Amino acid sequence: MRIAFVGTGNMGSALLAGILAAGQDAEEVRATTRSAESAAQLGSRLGVPTIAVEDDTQANRSAVAGADLVFLGVKPWMLAETASELDGALPDTATVVSMAAGVDLATLTSHFPHRPVVRIMPNTPSSVGHGVISLAAADEVPAATIDELTSLLGGAGLVVRIGEEDMPAMIGASASGVAFFFQLAEHMVAAAVSQGLEEETARRAVAATAEGAGRLLADSPDPAALRSAVTSAGGTTAAGIASFAEDGLAEIVARAVRAAGDRSLQMEAENREG
Ligand SMILES: NC(=O)C1=CN([C@@H]2O[C@H](COP(=O)(O)OP(=O)(O)OC[C@H]3O[C@@H](n4cnc5c(N)ncnc54)[C@H](O)[C@@H]3O)[C@@H](O)[C@H]2O)C=CC1
Ligand SMILES: O=C(O)[C@@H]1CCC=N1
């Protein structure tokens, strides 16, 4: 399968790394970035032919020529101009896959009429094959295309087929959600350091704890049961959990997850045509 990545930054390159590690032939991929420096870095890191728009104004058009699948990894507000740029270069049969957080399927379809259009919402652990990739497709996308795409993306992580109405919740729970875990890790490191632990030790301990927690959750996705197994009555964990409850952690997290989803809807409105 011939694949183009138009705009291959943090998210595009993470997804591409996961797909390549799962066996996609790098020679069948074309990637683009804006700067020559980032194109050179990506090309040498992933072994994929990468062209910079800065070096070649036709880079995006050349990359999509002959492609079966075109991933769009530019910023949401750049989608409209990227679509115009690709006009006439995109093969009639190409499936367009957007990872933009703030562009809905209707807007994508208006940018790419007569093409199958799929919206995905990946997260950065895709680079190590442990991403979550939510996928919503326009009604007219053939089932075989979705199956093929699901199989390809499966190399980067868990693919979850959803209706577009669930996209905001999935953004809060996974695409942005992964950053919420990182933020908790940052605060845990800082707290341990403030109690005298050496920073490098704290970072390693928190990272290994996160990995261990992730593995247990992957085996048995019931966080409440796993928490309960750590929490002895009247013990140390119970003291920490009580402190969380007193400070309203559940509401804090609910507000953050909702804020991320709400922002995606706001961006969709900003990026909607007309
Ligand atoms: N970073 C994340 O965790 C996630 C990002 N997304 C979505 O992924 C998209 C990209 O976000 P990031 O990777 O974070 O941004 P980024 O800034 O790291 O990547 C954007 C890429 O586009 C390239 N670019 C800029 N202008 C270009 C042009 N004219 N032609 C071709 N390439 C061009 C840049 O060189 C860069 O490689 C956004 O739409 C975002 O909503 C979705 C889920 C998660
Ligand atoms: O922050 C953002 O807008 C992107 C989309 C989801 C995660 N990162």
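Residues numbered from 1 in each chain as written. Chains lettered and ligands numbered in written order. Predicted model: local features only at pLDDT ≥ 70, side-chain atom pairs only at ≥ 80, totals over all residues. Heavy atoms only, no water.

## Considering the domain arrangement of the chain
The cut-off we apply is this: These domain limits were set by an automatic method or by a database of domain assignments.
Domain boundaries assigned for the chain yield domain 1 (3–166) and domain 2 (175–264). Each of domain 1 and domain 2 has a C-alpha centre, and these two points are 32 Å apart.

## A few points about the nonpolar core
Keep this limit in mind: We define the nonpolar core as a collection of buried residues of types Ala, Val, Leu, Ile, Met, Phe, Trp, Tyr and Cys that are connected through side-chain atoms lying within 4.5 Å of one another. Throughout this description, buried means an accessible area under 20% of the type-specific maximum (1.4 Å probe, protein chains only), exposed means over 50%, and partly exposed covers the range between. Labels follow the DSSP assignment, with helices taken as runs of H or I lasting at least four residues and strands as runs of E lasting at least two, numbered in each case from the N terminus.
In this structure, Phe5, Leu15, Phe71, Ile120 and Leu153 are the most contacted members of the largest nonpolar core, which totals 32 residues. Of all the secondary-structure elements, those providing two or more residues to this core are strand S1 (3–6), helix H1 (10–21), strand S2 (29–33), helix H2 (36–46), strand S4 (69–72), strand S6 (117–121), strand S7 (131–137) and helix H6 (143–153). For this core, the leading source of residues is H1, giving seven residues.

## Some points on the site of ligand 2
Note the cut-off: Here a residue is near a molecule or strand as soon as one of its heavy atoms is found within 4 Å of it. To be clear on the numbers: accessible area is Shrake-Rupley with a 1.4 Å probe, and residue cover counts the displayed protein chains and nothing else.
Contacts to ligand 2 come from Ala101, Ala175 and Ser176. Relative to its unbound accessible surface of 240 Å², ligand 2 loses 46% to contact with the protein.

## Concerning the site of ligand 1
Put simply, the test is: Polar contacts, as used here, are pairs of N or O atoms within 3.5 Å; protein pairs need one atom able to donate a hydrogen and one able to accept it. Residues neighboring in sequence count only if both atoms are side-chain atoms. Any residue outside Ala, Val, Leu, Ile, Met, Phe, Trp, Tyr, Cys, Pro, Asp, Glu, Lys and Arg is labelled polar, Gly included; the first ten of those are nonpolar and the last four are charged.
Lining the immediate surroundings of ligand 1 are 21 residues, of which Asn10, Met11, Arg34, Asn60 and Val74 lie closest. For ligand 1, an oxygen atom lies 2.8 Å from a polar atom in the backbone of Asn10. A distance of 2.8 Å separates an oxygen atom of ligand 1 from a polar atom in the backbone of Arg34. In the complex, the protein chains occlude 81% of the 830 Å² of accessible area that ligand 1 would expose alone. Secondary-structure elements contributing two or more residues to the shell around ligand 1 are H1 and S2. Looking at the shell around ligand 1 residue by residue, the class counts come to 10 nonpolar, nine polar and two charged.

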